[in-house]
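# Structural overview for review
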Amino acid sequence: QVQLAESGGGLVQPGGSLRLSCAASGSISRIYVMGWYRQAPGKQRELVAAITNGGGTNYADSVKGRFTISRDSAKNTVNLQMNSLKPEDTAVYYCNADILSTYLGTKNYWGQGTQVTVSS
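Each helix and strand in the protein chain was counted, giving zero helices and 11 strands. Mapped in sequence order, the helices and strands of the protein chain form the string β-β-β-β-β-β-β-β-β-β-β. Its C-alpha atoms give the protein chain a radius of gyration of 14 Å, near enough to 14 Å, the size a compact globule of 120 residues would have. For the protein chain, the C-alpha atoms occupy an extent of roughly 45 × 25 × 25 Å along the three principal directions. Evaluated residue by residue, the protein chain yields a buried proportion of 40% over its 120 residues.

See the structure below:
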């Protein structure tokens, strides 16, 4: 069984910063792409940032220059450093990863989500 667990959400004022972390656990052989998605009320879930196992990154235009994604392959973790936060960044943030499991083959996994609220 493979699980993703997020942490680090919360309430922050506009212009502030937050750091989200996600740890993958279970019978993991290899992790390919890891990423962060978000879903605001009444809106579709959207990609925020993704990073390959080779270190290549991709960002949504709305967060370029403000958010930075990173990963620690030895620890099976991915982080999202969010700076200069805006009220429109308010959403539930989900960790996502393509993982090769010892017993289940390669599947796509989601975390349970963590709330980020940007408000004064």
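Following the structure, the description resumes.
Another aspect to go through is the nonpolar core. Ranked by internal contacts, the top residues of the largest apolar core, which has 32 residues, are Trp36, Leu80, Met82, Tyr93 and Ile99. If you list the elements that add at least two residues to this core, you get strand S1 (2–7), strand S3 (18–26), strand S4 (28–39), strand S5 (46–51), strand S7 (67–72), strand S8 (77–82), strand S9 (91–101) and strand S11 (114–118). No other element matches S9, which puts five residues into this core. Once residues lying within four places of it in the same chain are set aside, the contact partners of Met82 are Gly16, Ser17, Leu18, Leu20, Arg66, Phe67, Tyr93 and Val116.

Here we come to the pattern of salt bridges. The tally for this structure, following the rule as stated, stands at four salt bridges. The residue Asp89 makes a salt bridge to Arg38 at a minimum N-O spacing of 2.9 Å. Taken together, the residues Asp89 in the loop between S8 and S9 and Arg38 in strand S4 connect sequence positions 51 residues apart. This pair shows no difference in class: Asp89 is buried, exactly as Arg38 is. With its nearest N and O atoms 3.1 Å apart, the salt bridge here joins Asp61 to Lys64. Taking the relative accessible area as the measure of exposure, Asp61 reaches 64% and is therefore exposed. Each of Arg38, Glu46, Arg66 and Asp89 takes part in one network of salt bridges that share partners.

Calculation rules
- Residues numbered from 1 in each chain as written.
- Predicted model: local features only at pLDDT ≥ 70, side-chain atom pairs only at ≥ 80, totals over all residues.
- Heavy atoms only, no water.
- Helix = DSSP H or I, 4+ residues; strand = E, 2+ residues; numbered from the N terminus.
- Rg over C-alpha atoms; globule rule 2.2 N^0.38 Å.
- Buried < 20%, exposed > 50% of the residue type's maximum accessible area, 1.4 Å probe, protein only.
- Core = buried A, V, L, I, M, F, W, Y, C linked by side-chain atoms within 4.5 Å.
- Contact = heavy atoms within 4.5 Å.
- Salt bridge = Lys/Arg side-chain N within 4 Å of Asp/Glu carboxyl O.

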